[in-house]
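Analysis of the macromolecular model
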There are 2 protein chains.
Amino acid sequence: MSGRGGSGPIGISHDARYRDASGANVIEALKAQCLRQRQLKAGEDLFGPGSQQNAIFVLIEGWTLLYTLLENGKRQILHFAVADTLLGLPPSKGTVSTFGVQALTRAVVAEIPHRRVRELVAERPGFALALAQSMARDTDLAFDLLTSIGRSPARVRVARLLLQLFVRAWSRLPGHGIEAVRLPLTQEQLGDATGLSSVHVNRVLHELKREGIAAFHYRRLRILDPDRLIDAAEIDPETLKSWIV
Amino acid sequence: MSGRGGSGPIGISHDARYRDASGANVIEALKAQCLRQRQLKAGEDLFGPGSQQNAIFVLIEGWTLLYTLLENGKRQILHFAVADTLLGLPPSKGTVSTFGVQALTRAVVAEIPHRRVRELVAERPGFALALAQSMARDTDLAFDLLTSIGRSPARVRVARLLLQLFVRAWSRLPGHGIEAVRLPLTQEQLGDATGLSSVHVNRVLHELKREGIAAFHYRRLRILDPDRLIDAAEIDPETLKSWIV
DNA sequence: CGACTGGTTGATGATTGTCAATAAGTGTGG
DNA sequence: CCACACTTATTGACAATCATCAACCAGTCG
């Protein structure tokens, strides 16, 4: 950004396939601007809710989660982010972040100061548009989760999250043949993401296993019957495809 | 956007105060690109979920709501949008919209073809960045609602929505002295926005009225005790301020 | 002044949360 | 490789929250 009007973007964003006008990869372009990397241990916060950043981040390696905290002590997980995801910042200058980012595994992030982002935008107009589109995708994902949590029973919510996590983990695996993936999540985290208690998540997981649909146990997710899982998740195949990174 | 890489943005976005590098108002800049306006009757769809648009829209007048539909026939309201709000489109070229936009009142929208948006972006780099920031705000709002629905009981959800709607309606009123506003909503719509049944919304509204906190009755919202409403909504004043347009 | 939409109320039951005690799995240091 | 400490998962009993159904009432609009 060239003038006084704005600041660094952005909220969060994903996926290596957003390209600016010249076809250059947005994520790669950002990585190239990186001054320093940060190493995170599992459980460590990249930044907390209410913090103010002067940089955006690209997740290079590992899993992270976006979350908010409530007055009543509960937590809502907003998104699970994997490598090559943009983890950004507030919607206007000086805004504090409404959410926090925490590492689920050991993770590596690139830190790109807002100033660098503004330079990139000034150099390549299409870059900012790609950022905007990336943000639009984030909004869509948030809307999707919102709909799931607001209007679906527990079983559907859990099935949907498992399916989404599986698709995203599986699609970045070298050999795509396998129907089992490793997800660095606890049942409590599944609960915080679906708006359920960990106990109830456990019950639903058992139900899904008993029915031969999917089995999640100590960080290992096996899809036993993909079709019936899609059915249980009550999503249309179109939405499913949009999850494939 | 100058090259082949992108398409028209965007998701949804709000608020007249986003400015691009030259300080020009993004919403106003978009309105200036408007080729034609559309008039909507109350209840009419601007576009439905799953539709494909080749334009973005700016709400000039009236109220609209963003919504999704589920297989089980239920509806989730994602956002209530007021005048000077950007109602945009999918995160990449050819994507169908995941949500629909419906008019709550008689409404007027400006239609801006994606091509025009690309021209604007090419002319003014800061414009796209302002779009991205606007999208970031949308994401924040979605996260906020997500947290509310996922992790708060009915009373808190309803109080929070009433407070947000009041603040937004009140802040665009000429005389700011009044503690009552007109909201073009039914209890069923409050339910679809909070993930509750209309019956339960009704009960919570009664509770809030009986306690002398707030009264919503046939489209008229009166705030009886602002402090206790803020308390009931379990929000911190910082978040509240961010809602003031 | 109807007709219709939207709101109100009570009874009942399903879904989900909480508590608490136990078991299973994981990781670490010897 | 084993013992220990710790985290995570499992299970049952019970309670709270919220949905559904159905009948009735109130307000609004033409």
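For every chain, the first residue of the written sequence is number 1, and numbering continues from 1 along that sequence. By the order in which they are written, chains take letters starting at A while ligands take numbers starting at 1. Per-residue local features of the predicted model are confined to residues with pLDDT of at least 70, and side-chain atom pairs are confined, for both listing and counting, to 80 or more; whole-chain, interface and lining totals are unaffected and use all residues. Calculation of side-chain values draws on the structure's entire complement of heavy atoms; hydrogens and water are dropped beforehand.

Remarks on the overall build of chain A
Every helix listed is a DSSP run of H or I at least four residues long, and every strand listed is a run of E at least two residues long, numbered separately from the N terminus. If you tally the helices and strands in chain A, you get eight helices and 12 strands. Throughout this description, buried means an accessible area under 20% of the type-specific maximum (1.4 Å probe, protein chains only), exposed means over 50%, and partly exposed covers the range between. Counting the 245 residues in chain A, one finds 60% classified as buried. By definition, residues are in contact when any of their heavy atoms lie within 4.5 Å. Long-range pairs, those at least 24 residues apart, make up 74% of the contacts in chain A between residues at least 6 apart in sequence. Carbon and sulfur atoms make up 49% of the accessible area of chain A, which amounts to about 9,600 Å² in all. Here the open area of atoms and residues is found with the Shrake-Rupley method and a 1.4 Å probe, where only the protein chains shown may cover a residue.

Concerning unusual backbone geometry
Phi at A:Y218 is positive, roughly 45 degrees, even though this residue is not glycine. Along the chain, A:Y218 falls in the loop between β11 (214-217) and β12 (220-223).

Digging into the sheet that holds strand β6 (residues 75-81) of chain A
Consider a sheet: its strands pair through backbone hydrogen bonds, and that pairing is either parallel or antiparallel. Residues and elements named next belong to chain A. In this analysis, strands are considered paired if DSSP registers two or more bridges between them. Sheet architecture is open: four strands sit in the order β3-β8-β5-β6, paired in antiparallel fashion. Each edge of the sheet is formed by a strand with only one pairing partner; in this case those strands are β3 (45-47) and β6. Averaged over all pairs of adjacent strands, the angle between strand axes in this sheet comes to 30 degrees, irrespective of strand direction. By the bridge criterion, four bridges tie strand β5 (residues 64-69) to strand β8 (residues 100-103) in an arrangement that is antiparallel. Within β8, the residue paired with T64 across the bridge is A103. Axis definition: a line fitted to C-alpha atoms, over the contacting stretch in the case of helices. Angles run 0 to 180 degrees between N-to-C directions.

Let's talk about the protein's contact with DNA strand C
In the vicinity of DNA strand C, 19 residues are found, and the nearest of them are A:A154, A:H200, B:Q187, B:N202 and B:H206. Any residue with a heavy atom positioned within 4 Å of a molecule or strand is treated as near that molecule or strand. Among all atoms of DNA strand C positioned within 4 Å of the protein, those belonging to sugar or phosphate total 70%. Here a phosphate oxygen of DNA strand C sits 2.9 Å away from a polar atom, N or O, in the main chain of A:A154. In the analysis that follows, any N or O atom pair within 3.5 Å is treated as a polar contact, provided that within protein one partner can donate a hydrogen and the other can accept it, and provided that, for residues neighboring in sequence, both atoms belong to side chains. B:R203 places a polar side-chain atom, nitrogen or oxygen, 3.3 Å from a base nitrogen of DNA strand C. Mapped onto the surface near DNA strand C, the elements with two or more residues apiece are α6 (198-210) of chain A together with α6 (198-210) of chain B. When residues in the surface near DNA strand C are grouped by element, the largest group, four residues, is from α6(B). Gly is placed with the polar residues, together with every amino acid not listed as nonpolar (Ala, Val, Leu, Ile, Met, Phe, Trp, Tyr, Cys and Pro) or charged (Asp, Glu, Lys and Arg). Of the residues that constitute the surface near DNA strand C, the class distribution is seven nonpolar, eight polar and four charged.

Re the pairing of strand β12 (residues 220-223) of chain B
All names here are of chain B. Because side chains alternate across β12, one face comprises the buried residues L221 and I223, and the other comprises R220 and R222, none of which is buried. Across three bridges, the pairing between strand β10 (residues 180-182) and β12 is antiparallel. In the sheet register, V181 faces β12, and the bridge partner there is L221. As paired elements, strand β11 (residues 214-217) and β12 share four bridges and run antiparallel to each other. Within β12, the residue paired with A215 across the bridge is R222. Once β11 ends, the chain turns through two residues before running back antiparallel as β12, passing Y218 with a positive phi of about 45 degrees.

Considering the domain arrangement of chain A
Residue and element names in this part refer to chain A. An automatic or database domain assignment is the source of the domain bounds shown. The assigned domain composition of chain A is domain 1 (12-138) and domain 2 (152-243). Averaged C-alpha coordinates put domain 1 and domain 2 at centres separated by 25 Å. In this assembly, 14 residues from domain 1 lie in contact with 14 residues from domain 2. A simple way to read buried area is as the amount of 1.4 Å-probe accessible surface that goes missing from two parts once joined, with both sides added. Buried area between domain 1 and domain 2, both sides added, is near 1,200 Å², and the carbon and sulfur share of it is 55%. Of all residues in domain 1, W63, R75 and F80 give up the largest surface area on contact with domain 2, accounting jointly for 44% of the area buried on that side. Salt bridges are identified by distance alone: a Lys or Arg side-chain nitrogen within 4 Å of an Asp or Glu carboxyl oxygen. The tally of links between domain 1 and domain 2 comes to one salt bridge. Across the salt bridge formed by R75 and D192, the nearest N and O atoms sit 2.9 Å from each other.

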